[in-house]
Amino acid sequence: MSELAPRRVAVTGLGAVSSIGIGIEAFTAAVREGRDGVTDIQSFDSTGFRHTRAGEVHDFRPRDHLERLPAEKWGRSSQFAAAAARLAVRDAGWDADGLSASRAGSAMGTTNGEARVFQELTEQWMAQGIDGIDGDLAARASADRIAAAVNTELGLRGEAQTFGTACSASNYAIGYGFDLIRGGAADVMIAGGADAVNRATHAGFHRLGAIAPDLCRPFDEDRGGIMTAEGGAALVLESWDSAVSRGARIYAEVLGYGLTCDAKHPTQPDRDGIAECIRRAHRDAGVEPDEIDYVCAHGTGTAANDSTEVAAVREVFGDRIPPISSIKSMLGHTMGAASGFGALACCMALYEGFLPPTATVRSVDPALGPDLDCVPGRARPARPRIVENHGFAFGGNNAIVMLGRPA
């Protein structure tokens, strides 16, 4: 008996909870304008830190978006994930009962899980001892609740997988959801990621000397590092046949993905490992380098990441390097949600016809090599057909997703 052919996978819904907008329309408008979402930190006392800015979501009210999830019993990262998923499902036009009855699940990525909950628990422990810890608060701490929150909010009965592969985790989640649908194990998957700004994460990057003083400026010769940030990103993935039968709007097609793990250094990216990840993504998608019209870079704004990422791209693409930009210039680094937001930007670029910008770049670092088009300032009108979304993480966890214009 011959195996069934792999199923095509469509992206039919997009949800964003971000510092530059909530909902895909607001998010896209901000990306196209090159709007800055970084402000002075409000979520914790930043006294003592030399750099005190972050990409926080100030206007997020869970009850404005959630229908089932009791927000007060869940951590902020889980709230972000569930709200982004609900927004994505509404955007996809799925009937709630129909989705609940289908073979649907979720795959969400994170770096820190519910780190803000752990921060509160630590403060309780320090102030009152172990007996002073709030048991109800402790119940919200587990990172696996991020995907569980999505299934709870949407009434899904399929898998609820949380990926902890840090800043590449959303792309891992998208790839996992893609595989389940492509192989026939699921019909719909909600994929993306979520993380919340917290003192511990900010302190960690601060001690590494990796936080920029004012703005994240990827590819700029005066770039100074990352901006910690937060939010939730979600994509509705479903089989092509399901999308067509529903008459759904199709933003993009997931063409394939690639994964590698360098495991060479705790923090330093590896050019050869990233280049191999790009090649694997191309092979899985069945495309060649000269077919790629745009690269949504990991683009953190650190000297190590930007130089290594561009060198890896040059190794694969040779003399013809597609436009490459970083939306972290607007959002900051949303950790486990980062490549999820990159996927949202890629889908909208394919659907509406533009290239997302590196909004804050002023003078491209000449050390990155000649003819580097990082789409400075604002979005550029274009008609990309195939785009590449990068996600890299500490420890050498690399994940790249390929997306194509619906055809």
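What counts and what doesn't
Residues numbered from 1 in each chain as written. Predicted model: local features only at pLDDT ≥ 70, side-chain atom pairs only at ≥ 80, totals over all residues. Heavy atoms only, no water. UniProt positions renumbered as here; feature names shortened; annotations may be inferred. Phe/Tyr/Trp six-rings, centres within 6.5 Å; stacked < 30°, edge-to-face > 60°. Buried < 20%, exposed > 50% of the residue type's maximum accessible area, 1.4 Å probe, protein only. Lys NZ or Arg CZ within 6 Å of the ring centre and 35° of its normal. Salt bridge = Lys/Arg side-chain N within 4 Å of Asp/Glu carboxyl O. Helix = DSSP H or I, 4+ residues; strand = E, 2+ residues; numbered from the N terminus. Domains from an automatic or database assignment. Contact = heavy atoms within 4.5 Å. Buried area = accessible area lost by both parts, 1.4 Å probe. Polar contact = N/O pair within 3.5 Å; in protein donor to acceptor, adjacent residues only side chain to side chain. Axes fitted to C-alpha atoms, helices over the stretch in contact; angles between N-to-C directions. Nonpolar A, V, L, I, M, F, W, Y, C, P; charged D, E, K, R; others polar. Expected span 1.5 Å × (residues − 1). Disulfide = S-S within 2.5 Å. Pairing = 2+ DSSP bridges.

Under an unreviewed UniProt entry, the name given to the protein is 3-oxoacyl-ACP synthase, and the organism recorded is Streptomyces toyocaensis. UniProt lists a comment for the protein under the heading Sequence similarities (unreviewed entry), and it reads "Belongs to the thiolase-like superfamily. Beta-ketoacyl-ACP synthases family."

Draft legend 1. Representation of the packing of aromatic side chains. This model, assessed by the stated rule, comprises seven aromatic pairs. An angle of 75 degrees between the planes, with centres 6.0 Å apart, marks the rings of Phe44 and Phe49 as edge-to-face. For the pair formed by Phe44 and Phe49, the shared burial category is buried. The ring of Trp240 carries Arg8 above its face, with NZ or CZ at 3.8 Å from the centroid. Between the NZ or CZ atom of Arg145 and the centre of the ring of Trp74, over which it lies, the distance is 3.8 Å.

Draft legend 2. Representation of the pattern of salt bridges. Under the definition given, this model contains 29 salt bridges. Of the charged contacts in the structure, one is a salt bridge between Arg249 and Asp91, with a shortest N-O distance of 2.7 Å. In this pair, Arg249 sits in the loop between helix 9 (240-246) and strand 9 (252-261) while Asp91 sits in helix 2 (residues 76-92), placing the two residues 158 residues apart along the sequence. Residue Asp214 pairs with Arg217 through a salt bridge whose shortest N-O separation is 3.8 Å. Asp214 gets classed as partly exposed once you look at its relative accessible area, which sits at 35%.

Draft legend 3. Main features of the domain arrangement of the protein. Partitioning the protein into structural domains gives domain 1 (9-246) and domain 2 (255-404). In this complex, domain 1 contributes 66 residues to the contact, which on the side of domain 2 involves 71 residues. Both sides of the domain 1 and domain 2 interface together cover about 4800 Å² of buried area, and 65% of this is carbon and sulfur. Interface area lost by domain 1 to domain 2 is led by Arg32, Asn171 and Phe219, which between them contribute 18%. For the interface between domain 1 and domain 2, the tally reads five salt bridges. Notably, a salt bridge pairs Asp220 with Arg362, separated by 4.0 Å at the nearest N-O pair. Where domain 1 meets domain 2, there are 28 residue pairs in polar contact (both at pLDDT 80 or more). For the side of domain 1 that touches domain 2, the secondary-structure elements that each account for two or more residues are strand 1 (9-18), helix 1 (24-33), helix 7 (169-182), strand 7 (188-195), helix 8 (199-207) and strand 8 (231-239).

Draft legend 4. View of the packing of helix 7 against helix 13 (residues 338-353). Direction vectors running N to C along helix 7 and helix 13 enclose 65 degrees, while the axes themselves pass 5 Å from each other. When helix 7 is examined against helix 13, the residues Ala169, Ser170, Asn171 and Ile174 are found in contact with a partner set consisting of Ser339, Gly340 and Ala343. Taken together, the residues of the contact of helix 7 with helix 13 break down into three nonpolar, four polar and no charged.

Draft legend 5. Seen up close, helix 11 (residues 303-317). Here helix 11 spans 21 Å end to end across 15 residues, near enough to the 21 Å set by a 1.5 Å rise per residue. The elements touched by buried residues of helix 11 are helix 10 (271-285), strand 10 (294-296), strand 11 (324-325) and strand 14 (386-393). Once helix 11 ends, the next one or two residues include Gly318, with phi positive near 70 degrees.

Draft legend 6. Spotlight on the environment of Asn397. In this structure, Asn397 sits in strand 15 (residues 397-404). For Asn397, a relative accessible area of 18% translates into the label buried. In this structure Asn397 touches Thr165, Ser168, Tyr172, Thr260, Cys261, Gly391 and Phe392, once residues within four positions along its chain are discounted. Separated by 3.4 Å, the side chains of Asn397 and Tyr172 make a polar contact.

Draft legend 7. Here's a closer look at unusual backbone geometry. Even without glycine at this site, Ala166 takes up a positive phi of about 55 degrees. For Ala166, a relative accessible area of 15% corresponds to the buried category. Of note, Asp371 is a non-glycine position whose phi angle comes to about 60 degrees, a positive value. Tracing the chain through its elements places Asp371 in the loop between strand 12 (354-355) and strand 13 (380-381). The exposure class of Asp371 is exposed, given its relative accessible area of 73%.

Draft legend 8. Here's a closer look at the environment of Asp179. Structurally, Asp179 is set in helix 7. The sequence separation of Asp179 and Arg314 amounts to 135 residues, and the corresponding C-alpha distance is 29 Å.

Draft legend 9. Spotlight on the state of the cysteines. Tallying each qualifying case throughout the model produces zero disulfides. For the unlinked cysteine Cys261, the closest cysteine sulfur is that of Cys277, found at 10 Å.

Draft legend 10. A look at the side chain of Glu153. Relative to the helices and strands, Glu153 is located in helix 6 (residues 145-154). Among the polar contacts listed, one links the side chain of Glu153 to the backbone nitrogen of Arg68, at a separation of 3.0 Å. Not counting the four nearest positions on each side in its chain, Glu153 is found in contact with His65, Leu66, Glu67, Arg68, Leu69, Ala82 and Arg86.

Draft legend 11. Geometry of the pairing of strand 15. The buried fraction of strand 15 is high, at eight of eight residues. Alternating positions in strand 15 separate into two faces, Asn397, Ala399, Val401 and Leu403 on one and Asn398, Ile400, Met402 and Gly404 on the other, with burial throughout. In this structure, strand 14 lies alongside strand 15, joined through eight bridges in antiparallel fashion. Each residue of the ladder has a partner; that of His390, found in strand 15, is Ile400.

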